[in-house]
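Fold and contact review
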Amino acid sequence: MPGKHSTVLVVGGAGYIGSHTTLALKDAGFATVIYDNFSTGHRDACFADHLVEGDLADVAKLTETLERFEISSVIHFAAMIEAGQSMVTPLPFFENNVSGTVSLLKAMLAAGVSRIVFSSTAAVYGNQDGRLTLSETLPRAPITPYGHSKAMVERILETCVQAYGLQAIALRYFNASGADAAGRTGERHDLETHLIPLIIEAARGIRPNVKIYGTDYDTSDGTCIRDYIHVSDLATGHVAAVRYLLDNSNTGFQAMNLGTGTGYSVRQVINTVREVSGRAVDVVEADRRPGDPARLVADVAAARTDLHWSAAQSSLDEIVRTAWAYAEANLPH
Ligand SMILES: NC(=O)c1ccc[n+]([C@@H]2O[C@H](COP(=O)([O-])OP(=O)(O)OC[C@H]3O[C@@H](n4cnc5c(N)ncnc54)[C@H](O)[C@@H]3O)[C@@H](O)[C@H]2O)c1
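Residues numbered from 1 in each chain as written. Predicted model: local features only at pLDDT ≥ 70, side-chain atom pairs only at ≥ 80, totals over all residues. Heavy atoms only, no water.

It is worth spelling out the nonpolar core at this point. Looking at soluble globular proteins, one finds that nonpolar side chains tend to be buried together. Ranked by internal contacts, the top residues of the largest apolar core, which has 35 residues, are Ile17, Ile169, Leu171 and Leu307. Listed by contribution, the elements that provide at least two residues to this core are β1 (7–11), α1 (16–27), β6 (167–173), α7 (231–247), β11 (253–258) and α9 (301–307). No other element matches the 9 residues that α7 contributes to this core. Listed in part, the 29 residues of the second largest apolar core include Leu56, Val74, Val98 and Met108. (Core = buried A, V, L, I, M, F, W, Y, C linked by side-chain atoms within 4.5 Å. Buried < 20%, exposed > 50% of the residue type's maximum accessible area, 1.4 Å probe, protein only. Helix = DSSP H or I, 4+ residues; strand = E, 2+ residues; numbered from the N terminus.)

Following the sequence through the fold, Phe47 ends up in the loop between β2 (31–36) and β3 (50–53). The sequence separation of Phe47 and Asp190 amounts to 143 residues, and the corresponding C-alpha distance is 20 Å. The residues contacting Phe47, other than those within four sequence positions of it, are Ser19, Thr22, Leu23, Lys26, Thr32, Ile34, Arg184 and Thr185. (Contact = heavy atoms within 4.5 Å.)

On to unusual backbone geometry. Residues other than glycine seldom take positive phi values, yet Phe38 does so here, at roughly 60°. If you trace the backbone, Phe38 turns up in the loop between β2 and β3. The backbone phi angle of His308 is positive, close to 55°, even though this residue is not glycine. Relative accessible area serves as the criterion here: at 71%, His308 is assigned to the exposed category.

All right, on to the site of the ligand then. Among the 29 residues in the neighbourhood of the ligand, the closest are listed as Asp36, Thr40, Asn96, Tyr146 and Lys150. Within the backbone of Gly15, an N or O atom sits 3.1 Å from an oxygen atom of the ligand. With respect to the ligand, the backbone of Gly41 contributes an N or O atom lying 3.0 Å from an oxygen atom. Surface burial for the ligand is 96%, taken as the share of its 820 Å² of free accessible area covered by protein chains. (Near = heavy atom within 4 Å. Polar contact = N/O pair within 3.5 Å; in protein donor to acceptor, adjacent residues only side chain to side chain. Areas by Shrake-Rupley, 256 points an atom, 1.4 Å probe, with all protein chains shown as cover.)

A word on the pattern of salt bridges. A complete count under the given rule lists 16 salt bridges for this structure. With its nearest N and O atoms 2.8 Å apart, the salt bridge here joins Arg188 to Asp44. Pair noted here: Arg188 is in the loop between β7 (175–177) and α6 (195–203) and Asp44 is in the loop between β2 and β3, with a separation of 144 residues, a long-range link. With its nearest N and O atoms 2.9 Å apart, the salt bridge here joins Arg207 to Glu201. Look at Arg207 and you get partly exposed, because its relative accessible area is 29%. Sharing partners across several salt bridges, the network here consists of Arg140, Glu154, Arg155, Glu158 and Arg172. (Salt bridge = Lys/Arg side-chain N within 4 Å of Asp/Glu carboxyl O.)

Before going further, it helps to spend a moment on the domain arrangement of the protein chain. Once the domains are mapped, the protein chain shows domain 1 (7–177 + 228–259) and domain 2 (195–226 + 261–301 + 314–330). Taken over C-alpha atoms, the centre of domain 1 sits 26 Å from the centre of domain 2. Opposite the 19 residues of domain 1 that make contact, domain 2 presents 20 residues. Carbon and sulfur atoms make up 57% of the area that domain 1 and domain 2 hide from each other, which totals about 1,700 Å². Inspection of the domain 1/domain 2 interface yields 0 salt bridges. Applying the counting criterion to the domain 1 and domain 2 interface returns 7 residue pairs in polar contact (both at pLDDT 80 or more). Elements supplying a minimum of two residues to the side of domain 1 that touches domain 2: β7 and β10 (228–230). For the side of domain 1 that touches domain 2, the leading source of residues is β10, giving 3 residues. Tallied by class, residues from the side of domain 1 that touches domain 2 come to 6 nonpolar, 9 polar and 4 charged. (Domains from an automatic or database assignment. Buried area = accessible area lost by both parts, 1.4 Å probe. Nonpolar A, V, L, I, M, F, W, Y, C, P; charged D, E, K, R; others polar.)

Before going further, it helps to examine the sheet that holds strand β9 (residues 225–226). Strand order in this open sheet of 3 strands is β12-β9-β14, and the pairing throughout is mixed. Edge strands, defined here as strands with exactly one partner in the open sheet, are β12 (264–265) and β14 (295–296). Sheet topology places β9 next to β12; 2 bridges connect them, and they run antiparallel. Of the residues in β12, the one forming a bridge with Arg226 is Tyr264. (Pairing = 2+ DSSP bridges.)

Considering the arrangement of structural elements, one finds His189 in the loop between β7 and α6. The spatial distance from the C-alpha of His189 to the C-alpha of Thr40 is 7.2 Å, given a sequence separation of 149 residues. Aside from chain neighbours lying at most four places away, what touches His189 is Tyr16, Ile81 and His194.

The tally for this structure, following the rule as stated, stands at 1 aromatic pair. Between the aromatic rings of Tyr125 and Phe174, the centroid separation amounts to 6.4 Å while the plane-to-plane angle is 35°, which identifies the pairing as tilted. Here Phe174 lies in the loop between β6 and β7 and Tyr125 lies in the loop between β5 (115–121) and α5 (145–164), a separation of 49 residues in the sequence. Above the ring of Phe38, the side-chain terminus of Arg43 is found at 4.1 Å from the ring centroid. Arg288 extends its terminal NZ or CZ atom over the ring of Tyr217, reaching a point 4.0 Å from the ring centre. (Phe/Tyr/Trp six-rings, centres within 6.5 Å; stacked < 30°, edge-to-face > 60°. Lys NZ or Arg CZ within 6 Å of the ring centre and 35° of its normal.)

Structure below.
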């Protein structure tokens, strides 16, 4: 069980991945505090012992929160997440994701908190076509403002680790998906762009069809391949990362992929939704979208070795089953 100084501040804990992680932290015996401005989060998805409503830009409030609750470690989820939107309006992404993280780091320094786990993304790799799996040793090469914002934060963390002796882990998630198996929380983005929720909306008759962008990729069935990781596996990955920082000093900065190491094509995912739901899903084949790599699959060796973590609930069937059950029980008909 965690020791006495083991209260975790979950910044962005009212969101999709943050809400699942708060549940996993509590299951593991950590005390938890959520800090969130509810720009995209939900009050009924807050499972922490305490909730502070505030914005990343508010250094004084962050500092006061870190001190008041004697925070030992921070997990930082808060960000704008839509890569496509970031191409149209990049500045709010840099402001929230980059400047917001600088505010958080200033507050951590002021409060003497040195451990941070940061939500990074496979988007920092950009387009690495030709590689079967992506390893953390590859150079960062993002191609969207969203990806750049995450790569910049990784660089800032590296710098702060050197300058101030912080300990930082950037967890690079592949495709977060699925929902809590007990149905307590799930994926509820107002602007939904993720594949599995979109297919589920088509199966539930909320949208007429689902679009496949590109059917001529050099993959087994011509559609893009992605590594789908169950959000509850991501959650246990964060618990393992916090433990790792608490148990080891001088960890410096480390980036680690969180994925399964296995890829599925868009058509395979659509077929799994058809099987799990027993519903029809109409498909419209469209042109490729610029910047979509054919294949994004994680090399998962680092997280396995250092965090002793691997995905346990991420079969495609389990992911779709939990996402479907959550949508049927909680999302509009
Ligand atoms: N969902 C994915 O597939 C995926 C993949 C890779 C990385 N990520 C990263 O994981 C993190 C969480 O993603 P998510 O899907 O849970 O997103 P989400 O939108 O559901 O959650 C983000 C949370 O942060 C809060 N927030 C945003 N800006 C804030 C601010 N300025 N001050 C305080 N709170 C703020 C929101 O209200 C929300 O509760 C993000 O950093 C995202 O970039 C997500």
